[in-house]
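# Fold and geometry: a report
So you can see what is in the structure, the chains are spelled out below.
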Amino acid sequence: MFDVTTNGATIPALGFGTFRISEDDVKRIVPKALETGFRHIDTAQIYENEAAVGEAIELSSVPRQDIFLTTKVWVSNYRHDDFIASVDESLKKLRTDYVDLLLLHWPNKDVPLAEQIGALNEVRKAGKVRHIGVSNFNTALMNESVALSDAPIVTNQIEYHPFIDQSVVMETANKLGMSLTSYFAMADGKVFENDTLKAIAADQGKSVAQIVLRWVIEQNNVIALSKTVGEKRLVENFDIFDFELTGEQMQAIHDLADENGRIVSPDGLAPDWD
C-alpha cells in the first residue's frame, strides 16, 4: 500500500467503497477488508449504510486512528443548518468523533456554492472532519470551490475508468494541488469483457480487476476505490502492489477512452461535464 499526499492530506491510494452494499454485507465485508490491509473506507449519507460502516470499524481489530474514513453530504442537506445537523448525524452513525474526509456529493445549484463550502470549512474548524473535498464536480466548480474555501480542497471524487477520458479534470486537479478519487473503476463490469485488458492481464499474470486498479493508482495523485462483497475478490483487489504496468500498457488502457464512455450522469445532479 502507498499513499497519495495532496494539499496536506495523506490518503491511502487504494480504498474500499461501499456504494450499493447492504448493511448486512457491510458488517461482514468491511472487517474483512480491514483485516486484508485496506485502510481507506468510503461511504456516504445517501448510501444508507453509515451505521453499518461504523459498527464494522468498531468491531474490527484495526484502531480507528489507523483508518482513513470518508463520507459525503447529500445534496438535500446543503443549507447551512441542515448541513451541520447531517454531519453530526453521520458522526453518530459512524460511531466516531471525526471523519478524515468529508465531500460534497454532487453539485446543487439551488444552494449557493459559497454556503456549501462555508459549511465544509465550519465543520473542519470544529474538528468534526480533518479534510474537505468535492465529488462529481467539473473544472469550473473545482476552481470556484478552491477560491471560496479557507481550507484546502484535497480531492474530487469522480467516475474514472478506462472508457472515459478525464484528462481535463486531471490537469485542473494537478494545477490546484488536488487528488482525484476514482469510482466505478470497473465501468459497471464492462472492463471484464475488453480484449485489451484481458491481454494485459494475461501478460502480467494478474486479473483484469487488478490491472484496472493498478492503472488508476499508477497515475499522478489518483486514488482508486474498489468494491466487492466477495472475500476472494477482496483479497485479489488488494493484491496490486507487487507489479507495475509498462508505459505501453498504460497508454493502451488510456486509448480505450470513448467520448460516450460516461456511465453516471443523473438528471438534476450532473453538472456540465468537461
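Residues numbered from 1 in each chain as written. Predicted model: local features only at pLDDT ≥ 70, side-chain atom pairs only at ≥ 80, totals over all residues. Heavy atoms only, no water.

Attention shifts here to the sheet that holds strand E10 (residues 222-226). In a beta sheet, neighbouring strands are held together by backbone hydrogen bonds and run either parallel or antiparallel to one another. Overall, parallel pairing links the eight strands, which are arranged E3-E4-E5-E6-E7-E8-E9-E10 in a closed barrel. Mean inter-strand twist for the sheet, computed between neighbouring axes without regard to direction, equals 30 degrees. Sheet analysis places strand E3 (residues 14-17) next to strand E4 (residues 40-42), joined by two bridges and oriented parallel. Paired with Gly17 across the strands is Asp42, a residue of E4. With respect to the sheet, helix H3 (residues 80-94) is in contact with strand E5 (68-73) and strand E6 (99-104), its orientation differing from that of E5 by roughly 140 degrees. (Pairing = 2+ DSSP bridges. Helix = DSSP H or I, 4+ residues; strand = E, 2+ residues; numbered from the N terminus. Axes fitted to C-alpha atoms, helices over the stretch in contact; angles between N-to-C directions. Contact = heavy atoms within 4.5 Å.)

Taken as a whole and assessed by the stated rule, the structure comprises one cavity of 30 Å³ or more. The calculated volume of the largest cavity comes to roughly 30 Å³. Forming the walls of the largest cavity are Phe137, Asn138, Ile158, Gln166, Val169, Arg262, Trp273 and Asp274. Split into classes, the residues belonging to the lining of the largest cavity amount to four nonpolar, two polar and two charged. (1 Å grid on protein atoms, 1.4 Å probe; cavity = no way out; pocket = protein on both sides within 12 Å on 5 of 7 lines; lining within 4 Å. Points joined across faces, edges and corners; volume = space filled by probe spheres on them. Nonpolar A, V, L, I, M, F, W, Y, C, P; charged D, E, K, R; others polar.)

Below, the discussion takes up the pairing of strand E8 (residues 153-159). The buried count for E8 comes to seven of seven residues, which makes it a mostly enclosed element. In the sheet, strand E7 (residues 129-135) pairs with E8 via three bridges, with the strands oriented parallel. Bridging from a neighbouring strand, Val134 pairs with Asn156 of E8. The parallel pair E7 and E8, bridged by helix H5 (residues 139-148), forms a crossover whose chirality is right-handed. For E8 and strand E9 (residues 179-183), the ladder comprises five bridges, and the chain directions are parallel. What sits directly across from Gln157, in E9, is Thr181. In this view, the connection linking E8 to its parallel neighbour E9 by way of helix H6 (residues 167-176) has right-handed handedness. (Buried < 20%, exposed > 50% of the residue type's maximum accessible area, 1.4 Å probe, protein only. Right-handed = clockwise from strand over helix to strand, strands pointing away.)

On to the packing of helix H1 (residues 23-36) against helix H9 (residues 231-238). Relative to each other, H1 and H9 sit at 35 degrees, their axes nearing to 10 Å. The hand of the H1/H9 crossing is right-handed. The segment H1 lies against H9, with Arg28, Ile29, Lys32, Ala33 and Thr36 engaging Glu231, Leu234, Val235 and Phe238. (Left-handed = near helix turned anticlockwise from the far one by under 90°.)

As far as function goes, none of this settles anything; it's purely spatial.
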